[in-house]
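Listed here are the chains, written in short residue letters.
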Amino acid sequence: MQLPLQVTFRNMDPSPAIEARIREKAAKLDRFYEHIMSCRVAVEAPHRQHQKGNLFHVRIDVTVPDKELVASREPDLNHAHEDVYVVIRDAFDAIVRQLEDYARLQQNKVKVHEVPPHGRVTELFEEHGTIDSSDGRIVYFHRNSVINYPFEKLSVGMEVQFAEEQGDAGPQASTVKVLEHHHILE
């Protein structure tokens, strides 16, 4: 961490034990992303009147290059939030998940979903049709394979996505989905 950790207490007296736990948790953040610029933690007890039953609020602000990550554990009906150490643990768990996601983005290790096979309807017959797939193959499909559109209303040239399987006569589509207003970019 480039700047020292900042810990603040609101509506409660500073606690060396709570601050020590926060410093211990914050010291481990560099394991998940090593370019953390700063970290600020605020611990708040909403109402000073009660000795028991306070629900604590913890907010963690972590600054990384080009972004600020925030994890906040708000008091709710969860009575575990009466224990400040549980709230601190939950807030640090949340900021760790955000740091891991940010690190994956920085390393371009984000999952990329494959575009399903797609193409255009090229021929239509009474019970089946053909698709010219984007990779230049001809794929057959049966009328029962069309899932989101009436087979009778299909027309040549419509864009479709399909799931492919090997049939008796070659590749065939087990499901065909018409792409009404979408265009797939390759």
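First things first, this report covers the structure right here in the doc.

Criteria and cut-off values
- Residues numbered from 1 in each chain as written.
- Predicted model: local features only at pLDDT ≥ 70, side-chain atom pairs only at ≥ 80, totals over all residues.
- Heavy atoms only, no water.
- Phe/Tyr/Trp six-rings, centres within 6.5 Å; stacked < 30°, edge-to-face > 60°.
- Helix = DSSP H or I, 4+ residues; strand = E, 2+ residues; numbered from the N terminus.
- Buried < 20%, exposed > 50% of the residue type's maximum accessible area, 1.4 Å probe, protein only.
- Core = buried A, V, L, I, M, F, W, Y, C linked by side-chain atoms within 4.5 Å.
- Contact = heavy atoms within 4.5 Å.
- Expected span 1.5 Å × (residues − 1).
- Arc of directions from axis to C-beta.

1. A closer look at the packing of aromatic side chains
According to the stated counting rule, one finds two aromatic pairs in the structure shown. Measuring from ring centre to ring centre gives 5.1 Å for Y33 and Y102, while their planes differ by 80°; the resulting arrangement is edge-to-face. Placement of the pair is Y33 in the loop between helix 1 (16-27) and strand 2 (38-44) and Y102 in helix 2 (residues 84-106), with a sequence separation of 69 residues. Classification of Y33 by relative accessible area gives buried; the value is 9%. Ring geometry for F141 against F151: centres 6.3 Å apart, planes inclined by 70°, an arrangement best described as edge-to-face. On the criterion of sequence distance, the pair formed by F141 in strand 7 (residues 138-142) and F151 in the loop between strand 7 and strand 8 (159-167) is long-range, its members being 10 residues apart. Taken individually, F141 and F151 each receive the classification buried, so the pair is uniform in this respect.

2. Description of the nonpolar core
With 32 residues, the main nonpolar core has I22, L29, V41, V43, I60, V62 and F92 as its most contacted residues. Contributions of two or more residues to this core are made by strand 1 (6-10), helix 1, strand 2, strand 3 (57-64), strand 4 (67-73) and helix 2. By residue number, the principal contributor to this core is helix 2, which donates 11 residues. Leaving out residues up to four positions away in the same chain, V62 has contacts with L29, I36, S38, C39, K67, E68, L69, I95 and L99. Formed by 13 residues, the second largest nonpolar core is a distinct cluster that contains V121, F141, M158 and A173.

3. Observations concerning helix 1
Spanning 12 residues, helix 1 covers 16 Å between terminal C-alpha atoms, matching the ideal 16 Å at 1.5 Å per step. Three or more residues of helix 1 are buried, namely I18, I22 and A26. On an axial view of helix 1, the arc spanned by its buried residues comes to 70°, and they lie on one face. Turned more than 90 degrees off the buried face of helix 1, the exposed positions are P16 and A27.

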